[in-house]
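# Residue-level structure breakdown
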Amino acid sequence: MRDNKIVVLTGAGISACSGVSTFRDADGIWSRVSIDDVATPEAFARDPARVHGFYNDRRRALLDPQIQANSAHKALAVLEKTWPAEVWIVTQNVDDLHERAGSENLIHMHGELIKARCDACSGIHRWRTDLSVDSRCPVCNRIGNLRPDVVWFGEQPQAMEMIYQALKDCQLFISIGTSGTVYPAAGFVDAVAARPQVRTVELNLQPSEGASLFAETRYGPASQIVPEFVAELLSER
Ligand code: APR
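Worth saying up front: this structure is predicted, and the values here are computed from it rather than measured. (Residues numbered from 1 in each chain as written. Predicted model: local features only at pLDDT ≥ 70, side-chain atom pairs only at ≥ 80, totals over all residues. Heavy atoms only, no water.)

### Some points on the site of the ligand
As a matter of local geometry, the ligand sits amid 23 residues, with Phe-23, Arg-24, Trp-30, Thr-178 and Ser-179 nearest to it. Within the backbone of Ala-12, one N or O atom sits 2.8 Å away from an oxygen atom of the ligand. A distance of 3.3 Å separates an oxygen atom of the ligand from a polar atom in the backbone of Gly-177. When isolated, the ligand has an accessible area of 730 Å², and the protein chains bury 93% of it. Element by element, the count of residues in the shell around the ligand is highest for helix H1 (residues 12–16), at three residues. (Near = heavy atom within 4 Å. Polar contact = N/O pair within 3.5 Å; in protein donor to acceptor, adjacent residues only side chain to side chain. Areas by Shrake-Rupley, 256 points an atom, 1.4 Å probe, with all protein chains shown as cover. Helix = DSSP H or I, 4+ residues; strand = E, 2+ residues; numbered from the N terminus.)

### A look at helix H4 (residues 48–62)
Over its 15 residues, H4 runs 21 Å from end to end, which matches the ideal 21 Å to within 8%, given 1.5 Å per residue. Of all the residues in H4, the buried ones are Val-51, His-52, Phe-54, Tyr-55, Asn-56, Arg-58, Arg-59 and Leu-62. Contacts made by the buried residues of H4 are with helix H2 (35–38), helix H3 (41–46), helix H6 (97–101), strand E4 (111–118) and strand E6 (146–150). (Expected span 1.5 Å × (residues − 1). Buried < 20%, exposed > 50% of the residue type's maximum accessible area, 1.4 Å probe, protein only. Contact = heavy atoms within 4.5 Å.)

### As for the pairing of strand E7 (residues 172–176)
Taken across its five residues, E7 has five buried, putting it largely inside the fold. In E7, alternate side chains face the same way, and those of Leu-172, Ile-174 and Ile-176 on one face and Phe-173 and Ser-175 on the other are all buried. Pairing geometry for strand E1 (residues 6–10) and E7, over five bridges, is parallel. Among the inter-strand pairings, Val-7 is bridged to a residue of E7, identified as Phe-173. Relative to strand E8 (residues 199–204), E7 is paired through five bridges, and the arrangement is parallel. (Pairing = 2+ DSSP bridges.)

### Considerations on the side chain of Ser-208
With respect to the secondary-structure elements, Ser-208 resides in the loop between E8 and strand E9 (216–219). Discounting chain neighbours no more than four positions away, the residues touching Ser-208 are Thr-178, Ser-179, Gly-180 and Glu-202.

### As for the pairing of E4
Judged by how many residues are buried, E4 sits mostly within the fold: six of eight residues are covered. As defined by bridge partners, E4 adjoins E6 across five bridges and the pair is classed as antiparallel. Its bridge partner being in E6, Arg-117 is matched across the sheet by Arg-147. Where E4 meets strand E5 (residues 124–126), three bridges bridge the pair, whose relative direction is antiparallel. When the bridges of E5 are listed, Ala-116 appears paired with His-125. Counted between consecutive antiparallel strands, the loop separating E4 from E5 contains five residues, among which Ser-122 sits at a positive phi close to 70°.

### A short note on the sheet that holds E9
One open sheet accounts for six strands, arranged E3-E2-E1-E7-E8-E9; its pairing is parallel. Of all the strands in the sheet, the pair left with one neighbour each is strand E3 (106–108) and E9. Each strand of the sheet is rotated relative to its neighbour by a mean of 15°, with strand direction disregarded. Across the sheet, helix H7 (residues 160–169) is in contact with E1, strand E2 (87–91), E3 and E7; its angle to E2 comes to roughly 135°. (Axes fitted to C-alpha atoms, helices over the stretch in contact; angles between N-to-C directions.)

### Here's the deal with the packing of aromatic side chains
Describing an aromatic ring pair means giving the distance of the ring centres and the angle of the ring planes. A full pass over the atoms with the stated rule returns eight aromatic pairs. With centroids separated by 4.8 Å and ring planes inclined at 80°, the aromatic side chains of Phe-54 and Tyr-55 adopt a geometry described as edge-to-face. We classify Tyr-55 as buried; its relative accessible area is 4%. Ring centres of Tyr-164 and Phe-188 lie 5.7 Å apart, and the angle between their planes is 85°; on these two criteria the pair is classed as edge-to-face. Of this pair, Tyr-164 sits in helix H7 while Phe-188 sits in helix H8 (residues 188–193); the two residues are 24 residues apart in sequence, bridging distant segments of the chain. Using a relative accessible area of 38% as the deciding quantity, one classes Tyr-164 as partly exposed. Residue Phe-188 is classed as buried on the basis of its relative accessible area, which comes to 1%. Members of the aromatic cluster, connected to one another through ring pairs, are Phe-23, Trp-30, Phe-44, Phe-54, Tyr-55, Trp-152 and Phe-153. The aromatic ring of Trp-152 is capped on one face by Arg-147, whose charged end is 3.8 Å from the ring centroid. (Phe/Tyr/Trp six-rings, centres within 6.5 Å; stacked < 30°, edge-to-face > 60°. Lys NZ or Arg CZ within 6 Å of the ring centre and 35° of its normal.)

Here's what the structure looks like:
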């Protein structure tokens, strides 16, 4: 295992133990609000104030001091620092809990809640306060063109070329806390499992949609099973 590159795909389940809502669990975000109302380019064109309000609430909740990286985020940061080959985290999460835990090789394929993007000049800015239709771009100075730098349904996820390169090079693929329902992320296990020497592992609270595609599966809260799995990996070195 020593020289094996690792790709870790994470989803909302890894942050659930930190108190951040998932999407498709019984009490998840999509049980309270419709995707079509808040998470598509059409929704933003139709009612930008509503969409801003949805992301403002989530940004404020994320920046509440009670929300902290948990032991799963921290274990992955230790893995990156300690593993003798490259470790990449590809996250679908728009929170910054992997960064807070210390991960550096990190790709936010669905964007980031604490960034804003200007539709007029394409500038991307760190943004920790509310956004509104009156927000001004700090670079081009225009008003009304800022949006959350998140990927909506119907949009292309970010950094896909880099992600597929990392998947092509990895010998271990670990999927953590994702329901396996949203593509292209749900298809990553298929892409790596096509190479017979690749080890595929699902770590989740319960079997995901794609559970049968993984060679190994372990179930329980991420804050428990991720540190356990990382400790096992490091002891195998
Ligand atoms: N530990 C581990 N897994 C958990 C935990 C936990 N404490 N709590 C929930 N889970 C699991 C659930 O069982 C579920 O399989 O995490 C998964 C969360 O699934 P979703 O809510 O669908 O989240 P995710 O897979 O990240 O969604 C993908 O959908 O709406 C979009 O853009 C959004 O990035 C998101 C994408």
